[in-house]
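Summary of the model geometry
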Amino acid sequence: MTTKTKAKSAQALPLNTILSGDCIEVMNSLPEASVDLIFADPPYNLQLKGELHRPDNSQVDAVDDAWDQFSSFAAYDKFTTEWLRAARRLLKPNGAIWVIGSYHNIFRVGASLQNEGFWILNDVVWRKSNPMPNFRGKRLTNAHETMIWASKEEGGKYTFNYEALKSLNEGIQMRSDWVLPICTGHERLKDANGDKAHPTQKPESLLHRILVGSTNPGDVVLDPFFGTGTTGAVAKMLGRDYIGIEREAAYREVAEKRLAKVRKYDREALQVSQSKRAEPRVPFGQLIERGMLRPGENLYSMNLRHKAKVRADGTLIGDDIKGSIHQVGAALEGAPSCNGWTYWCIKRDGKQVPIDVFRQQIRAEMADRPN
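No experiment lies behind these values; they were computed from the predicted model shown.

**Quick word on the side chain of Ser 34**
Tracing the chain through its elements places Ser 34 in the loop between helix 1 (23-29) and strand 2 (35-40). A polar side-chain atom of Ser 34 sits 2.7 Å from the main-chain carbonyl oxygen of Pro 31.

Written as structure tokens, this is what we have:
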């Protein structure tokens, strides 16, 4: 009796977990080219000097934590280069990254992104509908943050659900300036003392737009600065897998409690609008192969002015014109082009049935097949 030795399996990804530790070390321990999208909210290096007070002299709970403090710009740049290099290693060839920041750091991060080989697709301005005022009154109110969206490399493929974002925006093409509120009320997480659990908690609306627009259900989303888990919460609701990295135990505890309460939307609710180009291609000849149409049957233009006969190879012949459903339709109409799927129909039981009905039937069957 012979025995077979199983090949060593690839390192499994720790999906839907929060990993403890330094983000650079943890990312370098994960398998290469294993992540579809990275959303990063790194330290902003705010360089705050002293306490900040409101006009009534109450103190503002600003970002003064040790994790946001660096000894110099050079130290911050070194940190940025190292975590971006580790992040790029993790991305699949068709992966992408979103990085958010303020004027304190985003320009330095953008330069590092380009230096490390990423290709910038867009910068997106998140305009806060309810920003915190500038209490010192010496500068403009900081009413926005900037996000950079980049593919792994120039020419690299990436996910962009254009139609879904258009639908979110009432049928209008999504712009690169997003007006969304900061966290307030019930969404703002609190610690045991009733204070903000995290000073820079991002709103779920922001991550919802990002993940709907640049990922698909089942994709793996990594957040190397996980904080209180907004990325993970939205990913879980939208049927994406997440990996969080967070070194602060207090934030991990809040995030774990938060994620335990999150429920995934049902399968039907997770479907989003797609462009026609994103749908599976169905050759006209497949309708004939499957017996939906028969060689020798006549197709009719929807206005019933023209007809053409179906041939066994998936071409049509009409008025001595031969070619595809698109070519024959264009020739009969004297038009430069024609979408044959919407131009032609067949008569069944006295009714006009567009041939696109059969194409959509095949597409529905393809979508229902198990992966």
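We are not done yet, so read on.
**Considerations on unusual backbone geometry**
Backbone geometry places Glu 170, a non-glycine residue, at a positive phi of 55°. You can see Glu 170 is positioned in the loop between helix 4 (162-168) and strand 6 (177-180). Overall, Glu 170 belongs to the exposed group, its relative accessible area being 74%. At Leu 304, a residue that is not glycine, the phi angle is positive and equals roughly 65°. Following the sequence through the fold, Leu 304 ends up in the loop between strand 9 (298-301) and strand 10 (307-310).

**Regarding helix 10 (residues 325-333)**
Turning to helix 10, its buried residues number three or more, namely Ile 325, Val 328, Gly 329, Ala 330 and Leu 332. Tucked into the core, helix 10 has its buried residues touching helix 9 (284-289), strand 10, strand 11 (316-318), strand 12 (321-323), helix 11 (340-343) and strand 13 (344-348). At the C-terminal side of helix 10, Gly 334 shows a positive phi close to 65°.

**Quick word on the packing of helix 2 (residues 73-90) against helix 3 (residues 106-115)**
The angle between the axes and the distance between the axes are what describe a pair of packed helices. Here helix 2 crosses helix 3 at 45°, and the two axes come no closer than 10 Å. With respect to helix 3, the element helix 2 is oriented oblique. Our pair here, helix 2 against helix 3, has a crossing hand that is right-handed. Contacts from Phe 73, Tyr 76, Asp 77, Thr 80, Thr 81 and Leu 84 in helix 2 reach Arg 108, Val 109, Ser 112 and Leu 113 in helix 3. Among the residues forming the contact of helix 2 with helix 3, the class breakdown is five nonpolar, three polar and two charged.

Calculation criteria
Residues numbered from 1 in each chain as written. Predicted model: local features only at pLDDT ≥ 70, side-chain atom pairs only at ≥ 80, totals over all residues. Heavy atoms only, no water. Helix = DSSP H or I, 4+ residues; strand = E, 2+ residues; numbered from the N terminus. Polar contact = N/O pair within 3.5 Å; in protein donor to acceptor, adjacent residues only side chain to side chain. Buried < 20%, exposed > 50% of the residue type's maximum accessible area, 1.4 Å probe, protein only. Contact = heavy atoms within 4.5 Å. Axes fitted to C-alpha atoms, helices over the stretch in contact; angles between N-to-C directions. Parallel < 35°, antiparallel > 145°, perpendicular 65-115°, else oblique. Left-handed = near helix turned anticlockwise from the far one by under 90°. Nonpolar A, V, L, I, M, F, W, Y, C, P; charged D, E, K, R; others polar.

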